[in-house]
Amino acid sequence: MRHSFFSLIRNALGHHREWPPLWRDPDPKAAYDVIIIGGGGHGLATAYYLAKEQGLGRIAVVEKGWIGGGNSARNTTIVRSNYLWDASAHLYEHSLRIWEGLSRELNFNVMFSQRGVLNLAHSLHDVRDAHRRIRANDLNGIDAEWLDPTKLASYCPLLDISPEARYPILGATLQRRGGTARHDAVVWGFARAADRLGVDILQHCEVTGIPREGGKVTGVETTRGVIKAPKVAIVAAGHAGTLAAMAGFRLPLVSHPLQALVSEPMKPLLDCVVMSNAVHVYVSQSDKGELVIGAGIDPYAGYAQKGSFSIITEQMGALVSLFPRFSRLRMMRSWGGIVDTAPDASPIIGKSPVEGLYLNCGWGTGGFKATPGSGQVFAQTIARDAPHPLVVPFTLDRFTTGALVDEHGAAGVAH
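Parameters and conventions
- Residues numbered from 1 in each chain as written.
- Predicted model: local features only at pLDDT ≥ 70, side-chain atom pairs only at ≥ 80, totals over all residues.
- Heavy atoms only, no water.
- Pairing = 2+ DSSP bridges.
- Helix = DSSP H or I, 4+ residues; strand = E, 2+ residues; numbered from the N terminus.
- Axes fitted to C-alpha atoms, helices over the stretch in contact; angles between N-to-C directions.
- Contact = heavy atoms within 4.5 Å.
- Salt bridge = Lys/Arg side-chain N within 4 Å of Asp/Glu carboxyl O.
- Parallel < 35°, antiparallel > 145°, perpendicular 65-115°, else oblique.
- Nonpolar A, V, L, I, M, F, W, Y, C, P; charged D, E, K, R; others polar.
- Phe/Tyr/Trp six-rings, centres within 6.5 Å; stacked < 30°, edge-to-face > 60°.
- Buried < 20%, exposed > 50% of the residue type's maximum accessible area, 1.4 Å probe, protein only.
- Lys NZ or Arg CZ within 6 Å of the ring centre and 35° of its normal.
- Core = buried A, V, L, I, M, F, W, Y, C linked by side-chain atoms within 4.5 Å.

A. View of the sheet that holds strand S2 (residues 59-62). The six strands are arranged S8-S2-S1-S14-S21-S20 in an open sheet whose pairing can be described as mixed. Taken across any chain shown, the strands that pair with only one partner, and hence form the sheet edges, are strand S8 (200-202) and strand S20 (348-351). With direction set aside, neighbouring strand axes in the sheet form an average angle of 15 degrees. Across three bridges, the pairing between strand S14 (residues 231-234) and strand S21 (residues 357-361) is parallel. Bridge pairing in S21 links isoleucine 234 to leucine 359. Relative to S21, helix H10 (residues 371-384) is tilted by about 165 degrees, and along the sheet it contacts strand S1 (34-37), S14, S20 and S21.

B. The arrangement of the pattern of salt bridges in detail. For the structure on display, the rule yields 11 salt bridges. In the salt-bridge network here, residues are joined through shared partners; they are Glu93, Arg97, Glu100, Asp143 and Arg177.

C. A look at the packing of helix H3 (residues 86-99) against H10. The interhelical angle for the contact between H3 and H10, taken along N-to-C directions, is 110 degrees, at an axis separation of 7 Å. Of the possible angle classes, the one that applies to H3 and H10 is roughly perpendicular. Between H3 and H10, the residues in contact are Leu91, His94, Ser95, Ile98 and Trp99 and Thr371, Pro372, Gly373, Gln376 and Val377, respectively. Split into classes, the residues belonging to the contact of H3 with H10 amount to five nonpolar, five polar and no charged.

D. Quick peek at the packing of aromatic side chains. One pass over the structure, following the stated rule, counts eight aromatic pairs. Ring geometry for tyrosine 48 versus tyrosine 49: centroids 4.8 Å apart, planes at 70 degrees, classification edge-to-face. Judged by relative accessible area, which is 5%, tyrosine 48 ranks as buried. For the ring pair tryptophan 99 and phenylalanine 112, a centre distance of 5.7 Å and an interplane angle of 25 degrees mean the geometry is stacked. Taken together, the residues tryptophan 99 in helix H3 and phenylalanine 112 in the loop between helix H4 (102-106) and strand S4 (117-121) connect sequence positions 13 residues apart. On the basis of relative accessibility, which here comes to 1%, the residue tryptophan 99 falls in the buried class. Each member of the aromatic cluster is reached from another via a ring pair, and the members are Tyr48, Tyr49 and Phe190. Lying across the ring of tyrosine 32, arginine 58 places its NZ or CZ 4.4 Å from the centre.

E. Main features of the environment of arginine 74. With respect to the secondary-structure elements, arginine 74 resides in the loop between S2 and strand S3 (78-79). Considering only alpha carbons, one finds arginine 74 and glycine 337, 263 residues apart in sequence, at a separation of 5.3 Å.

F. Region of the structure containing the pairing of S21. Most of S21 is tucked away: five of the five residues are buried. In S21, alternate side chains face the same way, and those of Leu357, Leu359 and Cys361 on one face and Tyr358 and Asn360 on the other are all buried. Pairing of S20 with S21, which is carried by four bridges, proceeds in the antiparallel orientation. By the bridge assignment for S21, glycine 350 is matched with leucine 359. In this structure, the hairpin formed by S20 and S21 is closed by a connection of five residues, where glycine 356 is found at a positive phi of approximately 90 degrees.

G. A look at the sheet that holds strand S9 (residues 207-209). With antiparallel pairing, three strands are arranged side by side in an open sheet as S9-S12-S13. Bordering the open sheet on either side are S9 and strand S13 (225-228), each of which pairs with just one other strand. Neighbouring strand axes in the sheet, compared pairwise and without regard to direction, differ in orientation by 45 degrees on average. Across two bridges, S9 lies against strand S12 (residues 219-222) in antiparallel orientation. Its bridge partner being in S12, glycine 209 is matched across the sheet by glutamate 221.

H. Summary view of the environment of glycine 373. Residue position: glycine 373 is located in helix H10. Separated by 274 residues in sequence, glycine 373 and tryptophan 99 have C-alpha atoms that sit 8.3 Å apart. In contact with glycine 373, not counting residues within four places along its chain, are His94, Ser95 and Ile98.

I. Quick look at the nonpolar core. Counting 47 residues, the largest nonpolar core has Ile36, Leu44, Trp99, Leu102, Phe190 and Val199 as its most contacted members. At the level of secondary structure, the elements contributing two or more residues to this core comprise S1, helix H2 (41-53), S2, H3, H4, helix H7 (183-196) and H10. Counting residues per element, this core draws most heavily on H2, at seven residues. Setting aside residues up to four positions removed in sequence, phenylalanine 190 forms contacts with Leu44, Ala45, Tyr48, Tyr49, Leu102, Leu106, Thr371 and Pro372.

Any functional reading would require information beyond the geometric quantities listed.
Structure below.
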């Protein structure tokens, strides 16, 4: 039997089906069971789990750009679950457990690396908050420990822990199971897995309207025509408020750029993730050798995929203060993702005021780390038309009842 060159490569790599994936391009007027607006990590994960676990056969993902070209390609790859409040801790820990077996599940290397996540403490207040969070994590079955300066110096020798430092370091929390994953690999892994289960992925298909009849959603209007479905899910980071307005209601969200940048590549030297909320910087080293450096969100609302120069200046000053050896590095490129942030900095997941329309938005800076868990619980919420137990605290109702999940200052971390 003759084999093509590409089939030999596929077999050598262990891929026995379509490689690379072939995105279906069906008739835009075809009817679906569910339409997912947004082809990022959360949207594709939702589609995958709808097809795999909920048994829905006709699923479409519509993406105004291309797969892997939005916020999914503009995050800083950090994965952790050491949140303070029970609702957040349970949701992020659920996701972290999926991360630990995700490459095997998708048959695609998402490059998940459990290298450990450090959260630095620079003041007595930071130390007290850190110990409070460690105790809360312990009660929720989440790994967390305290490193004093001596242990911290051994764990991350590059840190300047001298008393004369501009930002003295009094210790740090450590979640050893936390780490990083390759952002675009996660998107492509879910895309390929969803494609194999029959999900239709429509790229360059922008939603322009969400029609309704009798208070019920009937599908979406797009630049490629009307697509009908009795259920529609909004999973578009940075644009959920705009899409909600198309359906006739407002969301309590504000969109901000989230600044990040990378350095020139180097040999391996930083084998953990270091975060500091007090000085608004966090850093890890990518598989290509670049330092991936992030900061807090830009205080100015906007849709520009770049941050303010003042943010970069403060970010670099903080980085060099924590790691003096990085002062001679050159920065290669900077960018900004667009994040929707709710008043309590926690996501909105569940049903909307419009029947058949579901929401998964408002993640702020926490979206990437929740990707697989978010997709799984949201898929069940859509299929059963009722919130998954883990997302009950995150429904839209909390903004009228006042039962907020206020992680904005509670988690004691920058990202």
